Amino acid sequence: MADQPTAEALEELKESFEGGDAAAEAEAPVQAAPAAPAEPVLDEHGRAYATGKRKDAVARVWLKPGSGKIVVNDRDVETYFARPVLRMMLNQPFQEVGRVDQYDVMCTVSGGGLSGQAGAVRHGISKALTCHDPALRPALKKGGFLTRDSRVVERKKYGRAKARRSFQFSKR
């Protein structure tokens, strides 16, 4: 108990700290810097570029103002993604920010299956939209379009038929 400072000693310490800091604070008030609006990141052709990923699929996406045409691997989106659900996934970021049919999208995608590729293109479109217009970031972030879906296929283990499935048991 003898090591504990007395109340008077604590009060003196407190006053010494306040006295020195008060003069410094009066001279230079600390304020949070206002967030300057970020500028668009565009290439020499006026396009925004982003990479989207999902499972094993990787999509390189270029986005520029236009009529809403989407080209995937030099093919029209209706022929590459034949299922309507996959095409709907690609349009979700545009619908979220209210910019349907205002941008042309050109992308190359490789790896994975069609569903993973559609998710990768959607991720890339969302990131490219934020590069083209940084004011759209909060809406896309709230919708979950900027988060990479990190679920991947689990690796196969030795002594197993697949990642978790055991070999068939034989009694005899």
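All figures in this text were calculated on a predicted structure; none of them were measured in a lab. (Residues numbered from 1 in each chain as written. Predicted model: local features only at pLDDT ≥ 70, side-chain atom pairs only at ≥ 80, totals over all residues. Heavy atoms only, no water.)

A.B. asks: Explain the side chain of Arg54 here, please?
C.D. replies: Inspection of the secondary structure assignment puts Arg54 in strand β1 (residues 48-54). Reaching out from Arg54, the side chain makes a polar contact with the side chain of Asp149 at a distance of 3.4 Å. Setting aside its immediate chain neighbours within four residues, Arg54 contacts Gly116, Gly119, Ala120, Arg148, Asp149 and Arg151. (Helix = DSSP H or I, 4+ residues; strand = E, 2+ residues; numbered from the N terminus. Polar contact = N/O pair within 3.5 Å; in protein donor to acceptor, adjacent residues only side chain to side chain. Contact = heavy atoms within 4.5 Å.)

A.B. asks: Please clarify how unusual backbone geometry should be interpreted in this entry.
C.D. replies: Glycine aside, the phi torsion of most residues is negative, and most peptide linkages are trans. Residue Asn73 is not a glycine yet carries a positive backbone phi of 50°. Residue placement: Asn73 occurs in the loop between β3 (70-72) and β4 (75-76). For Asn73, a relative accessible area of 25% puts it in the partly exposed group. Backbone geometry at Asp74 places phi at a positive 60°, although glycine is not the residue there. With respect to the helices, strands and loops of the structure, Asp74 is situated in the loop between β3 and β4. (Buried < 20%, exposed > 50% of the residue type's maximum accessible area, 1.4 Å probe, protein only.)

A.B. asks: I'm lost on the sheet that holds strand β5 (residues 103-110) in this one. Help?
C.D. replies: Picture the strands of a sheet paired through backbone hydrogen bonds; they go either parallel or antiparallel. Taking strand neighbours across the sheet as the criterion, the 5 strands line up as β1-β2-β5-β3-β4 in an open arrangement whose pairing is mixed. Edge strands, defined here as strands with exactly one partner in the open sheet, are β1 and β4. Where β1 and strand β2 (residues 57-65) come together, 7 bridges link them in antiparallel fashion. Residue Lys53 lies in a different strand from β2, and its bridge partner there is Val58. Across the sheet, helix α4 (residues 114-132) is in contact with β1, β2 and β5; its angle to β1 comes to roughly 145°. (Pairing = 2+ DSSP bridges. Axes fitted to C-alpha atoms, helices over the stretch in contact; angles between N-to-C directions.)

A.B. asks: Mind showing me how you'd approach the environment of Gly68 here?
C.D. replies: By the secondary structure assignment, Gly68 is in the loop between β2 and β3. When the C-alpha atoms of Gly68 and Val100 are compared, they prove to be 7.0 Å apart, with 32 residues separating the residues in sequence. For Gly68, the residues in contact, after removing those within four places along its chain, are Asp101, Gln102, Tyr103 and Asp104.

A.B. asks: Which parts of the structure should I look at to understand the side chain of Gln117?
C.D. replies: Note that Gln117 resides in helix α4. Judged by its relative accessible area of 7%, Gln117 falls in the buried class. Of the polar contacts made by the side chain of Gln117, one reaches the side chain of Tyr80; its length is 2.7 Å. Every residue in contact with Gln117, bar those within four places of it in the chain, is listed here: Ala57, Tyr80, Phe81, Val109, Ser110, Gly111 and Gly112.

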